[in-house]
Protein chains: 2
Amino acid sequence: MATQGTLFGVGVGPGDPKLMTIKAGEVIRTADILAYPVNSAGESQARSIAYPIFEDSSTELPLHIPMNVERDPAREAYDSAANQISTFLMTGKDVAYLCIGDPMFYGSFMYLAARLGVSHKVEVIPGVTSLSACAAQTRMPLAGRTDVLSVIPATLDEPELESALKHTDTAVVIKVGRHMKKVRDTLRKLGLSDSAIVVENGSGAGERITLVEQVTDDTKPYFSTILVSRRDVT
Amino acid sequence: MATQGTLFGVGVGPGDPKLMTIKAGEVIRTADILAYPVNSAGESQARSIAYPIFEDSSTELPLHIPMNVERDPAREAYDSAANQISTFLMTGKDVAYLCIGDPMFYGSFMYLAARLGVSHKVEVIPGVTSLSACAAQTRMPLAGRTDVLSVIPATLDEPELESALKHTDTAVVIKVGRHMKKVRDTLRKLGLSDSAIVVENGSGAGERITLVEQVTDDTKPYFSTILVSRRDVT
């Protein structure tokens, strides 16, 4: 039996290709197959970030992975993607699956790893998250000393969102998208809106930084993040 | 008047030099001065990580920054470090301050930036955090879908620790060190200890991964992290 290939989950960072790690670059240049999630329009943000370092000899494997969907169709998509990847691994090919940010942080890779990890070798190359990129661009610290830092999806219901924001010192609200109004209202209710900052596409093309109180839209791009802090840095 | 230099806060990642970003490498190779925190024994983990890419021509500036101390001595140390850095910036030198992990995530850089950011140009290069490295090494996802993820310093009092663990879906307890017993007891009380994993020095030299229930020591290295998850990945 031929040696099987390895599945690499490769974090390509938040958007700027120079925020890829040296190790991510090495794996992308040497893998036999470059897999990545594409949306229904056939676009892939992970591919766009890593594309500057693709080799001409790389074989690409675009995989349709729905975002923001209910569990059942997502499961079928992951099953199908895992099967396609498995076919390559079985013939000894190494597959690099490109992930925006970090593979283990709100990404699709963990669902592929759960399916393929039992019968295949899996390795994870961590990446810079959108959190760190947003903090860097705004120069607003994420947390320090004894702060509890919570990462809170904007998709939560209002009471859950409020509870999560109440029980932390600093917070990062992710996946803002069409939940902008709900998040702003909740931050106002808790007296946290004045210093909160919205970052759209942190470090990537189209980056935009705005105070929450200056945002008039009720919707923002999906990859928008809100930094909320009670901290006083001295 | 000569042009002033820029202060770069450079995240060098969690330990493996290959987990530095391409951008961090560029800044470290071109900065005039490489500054980094050293402990009372004169050791610097940030320097050790980045050292493989130091140029012979780089000038080093070790800065004594106490860890884990009360506020007043830390303030004096930051004031003194900021003054030393400022001297170089005033003469047009670019200073790269090396930070383990990410500069805005529980690091010393934010206190220097707070002092120097008013009168000097400051730029932050985000890095891979220990969280992402620990998740990669254990292949234990940090969070997905609508999970709230909390980063909780082990230095909190037991009631605060318990409250923070109760109000989140997944958690990463950082700075474990001499608080190992307290954290283990609290996790047991909440029924969360069985799947929790301790990672010592994630991705760096001396890395060690253990189930919390298999840890018999009451103390761990300062840079130990505990991953706690209620998630079921399918």
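The shown structure was predicted, so the numbers you read here are calculated from the model rather than taken from an experiment. (Residues numbered from 1 in each chain as written. Chains lettered and ligands numbered in written order. Predicted model: local features only at pLDDT ≥ 70, side-chain atom pairs only at ≥ 80, totals over all residues. Heavy atoms only, no water.)

**Considering the side chain of Ser132 of chain A**
Inference 1: Position of Ser132 of chain A relative to the elements: it lies in helix H5 (residues 130–138).
Inference 2: Filtering out sequence-adjacent residues up to four positions away, Ser132 of chain A remains in contact with Leu142 of chain A together with Asp102, Pro126, Gly127 and Thr129 of chain B. (Helix = DSSP H or I, 4+ residues; strand = E, 2+ residues; numbered from the N terminus. Contact = heavy atoms within 4.5 Å.)

**Describing the packing of aromatic side chains**
Working definition: an aromatic ring pair is given by the centre-to-centre distance plus the angle between the planes.
Inference 1: Using the criterion set out here, one finds 10 aromatic pairs over all chains in the structure.
Inference 2: Ring centres of Tyr222 of chain A and Phe223 of chain A lie 5.2 Å apart, and the angle between their planes is 85 degrees; this geometry places the pair in the edge-to-face category. (Phe/Tyr/Trp six-rings, centres within 6.5 Å; stacked < 30°, edge-to-face > 60°.)

**Some remarks on the confidence of the model for chain A**
Inference 1: On average, residues of chain A score 91 in pLDDT, and 95% of them reach the 70 mark or higher.
Inference 2: Here the complex is predicted with pTM 0.94, and the ipTM for its interfaces comes to 0.94. (pLDDT = per-residue confidence, 0-100.)

**Regarding the pattern of salt bridges**
Inference 1: For the coordinates displayed, the defined rule picks out 24 salt bridges over all chains.
Inference 2: In this structure, Lys220 of chain A and Glu200 of chain A form a salt bridge, with 2.6 Å as the shortest nitrogen-oxygen distance. Residue Lys220 of chain A is located in the loop between strand S9 (208–211) and strand S10 (224–229), and its partner Glu200 of chain A is located in strand S8 (residues 197–200); the two are separated by 20 residues in the primary sequence. As far as burial versus exposure is concerned, Lys220 of chain A and Glu200 of chain A are alike and both buried.
Inference 3: Between Arg188 of chain B and Glu213 of chain B there is a salt bridge, with its nearest N and O atoms 2.8 Å apart. Linking Arg188 of chain B in helix H7 (residues 180–189) with Glu213 of chain B in the loop between strand S9 (208–211) and strand S10 (224–229), this pair joins segments that are 25 residues apart in sequence. (Salt bridge = Lys/Arg side-chain N within 4 Å of Asp/Glu carboxyl O. Buried < 20%, exposed > 50% of the residue type's maximum accessible area, 1.4 Å probe, protein only.)

**Re empty space enclosed by the protein**
Inference 1: Summed over all chains, the structure comprises 4 cavities of 30 Å³ or more.
Inference 2: Forming the walls of the largest cavity are 14 residues, and the residues nearest its centre are Thr129 and Leu131 of chain A together with Phe105, Thr129 and Leu131 of chain B.
Inference 3: Sorting the residues of the lining of the largest cavity by element identifies H5 and strand S6 (149–153) of chain A together with helix H5 (130–138) and strand S6 (149–153) of chain B as the ones contributing at least two each.
Inference 4: By residue class, the composition of the lining of the largest cavity is 10 nonpolar, 4 polar and no charged. (1 Å grid on protein atoms, 1.4 Å probe; cavity = no way out; pocket = protein on both sides within 12 Å on 5 of 7 lines; lining within 4 Å. Points joined across faces, edges and corners; volume = space filled by probe spheres on them. Nonpolar A, V, L, I, M, F, W, Y, C, P; charged D, E, K, R; others polar.)

**Observations concerning helix H6 (residues 158–166) of chain B**
Inference 1: Restricting attention to buried positions, one finds in H6 of chain B the residues Leu161, Glu162, Ala164 and Leu165 of chain B. Along H6 of chain B, the residues classed as buried sweep out an arc of 165 degrees about the axis, all on the same side. (Arc of directions from axis to C-beta.)

**Observations regarding the sheet that holds S9 of chain A**
Inference 1: Reading across the sheet, the 10 strands line up as S9(A)-S8(A)-S10(A)-S7(A)-S6(A)-S6(B)-S7(B)-S10(B)-S8(B)-S9(B) and stay open at both edges, with mixed pairing between neighbours. Edge positions in the sheet fall to S9 of chain A together with S9 of chain B, since each has one partner strand and no second. Averaged over all pairs of adjacent strands, the angle between their axes in this sheet comes to 15 degrees, without regard to strand direction.
Inference 2: With 4 bridges joining them, S8 of chain A and S9 of chain A adopt antiparallel strand pairing. Of the residues in S9 of chain A, the one forming a bridge with Glu200 of chain A is Arg208 of chain A. (Pairing = 2+ DSSP bridges. Axes fitted to C-alpha atoms, helices over the stretch in contact; angles between N-to-C directions.)

**Some points on the packing of H6 of chain B against H7 of chain B**
All names here are of chain B.
Inference 1: The contact between H6 and H7 brings their axes to 10 Å, and the two run at 45 degrees. By the angle between their axes, H6 is oblique relative to H7. Handedness of the H6/H7 crossing: right-handed. Side by side, H6 and H7 meet where Glu158, Leu161, Glu162 and Leu165 of the first sit next to Lys182, Val183, Thr186, Leu187 and Lys189 of the second. (Parallel < 35°, antiparallel > 145°, perpendicular 65-115°, else oblique. Left-handed = near helix turned anticlockwise from the far one by under 90°.)

**A look at the relation of the copies chain B and chain A**
Inference 1: Expressed as a screw transformation, the operator carrying chain B onto chain A has a rotation angle of 180 degrees and an axial translation of 0.0 Å, and the superposed copies differ by an RMSD of 0.0 Å. Considering both components of the superposition, the chain copies are consistent with a two-fold axis.
Inference 2: The residues that chain B uses at the interface reappear at the interface of chain A in 100% of cases, marking a shared surface. (Least-squares fit on C-alpha atoms with pLDDT ≥ 70 in both.)

**Thoughts on the interface of chain B and chain A**
Inference 1: Taken together, the contacts link 56 residues of chain B with 56 residues of chain A.
Inference 2: Buried surface at the junction of chain B and chain A, summed over both partners, amounts to about 4900 Å²; 60% is from carbon and sulfur atoms.
Inference 3: Summed over the three residues of chain B that lose the most area to chain A, namely Met104, Arg139 and Arg145 of chain B, the buried surface amounts to 14% of that side.
Inference 4: For the pair chain B and chain A, the number of links is 4 salt bridges.
Inference 5: The closest approach of N and O atoms between Lys23 of chain B and Asp16 of chain A, which form a salt bridge, is 3.4 Å.
Inference 6: Summed over the shared surface of chain B and chain A, the result is 24 residue pairs in polar contact (both at pLDDT 80 or more).
Inference 7: For the side of chain B that touches chain A, the elements supplying multiple residues, two or more each, are helix H1 (22–30), helix H3 (71–90), helix H4 (109–116), strand S5 (121–125), H5, S6 and H6 of chain B. (Buried area = accessible area lost by both parts, 1.4 Å probe. Polar contact = N/O pair within 3.5 Å; in protein donor to acceptor, adjacent residues only side chain to side chain.)

**With respect to the nonpolar core**
Soluble, globular proteins show a tendency: their nonpolar side chains are buried together.
Inference 1: Counting residues in hydrophobic clusters, the biggest one holds 80 residues, and the most contacted among them are Ile85 and Tyr97 of chain A together with Ile85 and Tyr97 of chain B.
Inference 2: The contacts of Ile85 of chain A, once residues within four sequence positions are left out, are Leu7, Leu61, Leu63, Val95, Tyr97, Leu112 and Leu116 of chain A. (Core = buried A, V, L, I, M, F, W, Y, C linked by side-chain atoms within 4.5 Å.)

**Quick look at unusual backbone geometry**
Inference 1: Residues other than glycine seldom take positive phi values, yet Arg145 of chain A does so here, at roughly 45 degrees.
Inference 2: Checked against the element boundaries, Arg145 of chain A lands in the loop between H5 and S6.
Inference 3: Since its relative accessible area comes to 27%, Arg145 of chain A is described here as partly exposed.
Inference 4: Of note in this structure, Tyr106 of chain B is not a glycine but carries a positive phi near 50 degrees.

**Some words on the state of the cysteines**
Inference 1: Scanning all chains against the criterion turns up 0 disulfides over all chains.
Inference 2: Here Cys134 of chain B stays unpaired: no disulfide links it, and the sulfur of Cys99 of chain A, its closest cysteine neighbor, is 18 Å away.
Inference 3: Exposure remark for Cys134 of chain B: the relative accessible area of 1% places this residue in the buried category. (Disulfide = S-S within 2.5 Å.)

**Considerations on the sheet that holds strand S1 (residues 6–11) of chain B**
All names here are of chain B.
Inference 1: Pairing in this open sheet of 5 strands is parallel, and the strands run S3-S2-S4-S1-S5 from one edge to the other. The sheet is open, and its two edges are formed by strand S3 (59–64) and S5, each paired on a single side. Pairwise comparison of adjacent strand axes, ignoring direction, gives a mean angle of 25 degrees for this sheet.
Inference 2: Both strand S2 (residues 33–38) and strand S4 (residues 95–99) contribute to a ladder of 3 bridges, which runs parallel. Its bridge partner lying in S4, Leu34 is registered against Ala96.
Inference 3: Its contacts with the sheet put H1 on S1, S2, S4 and S5, and the angle it makes with S1 is roughly 135 degrees.

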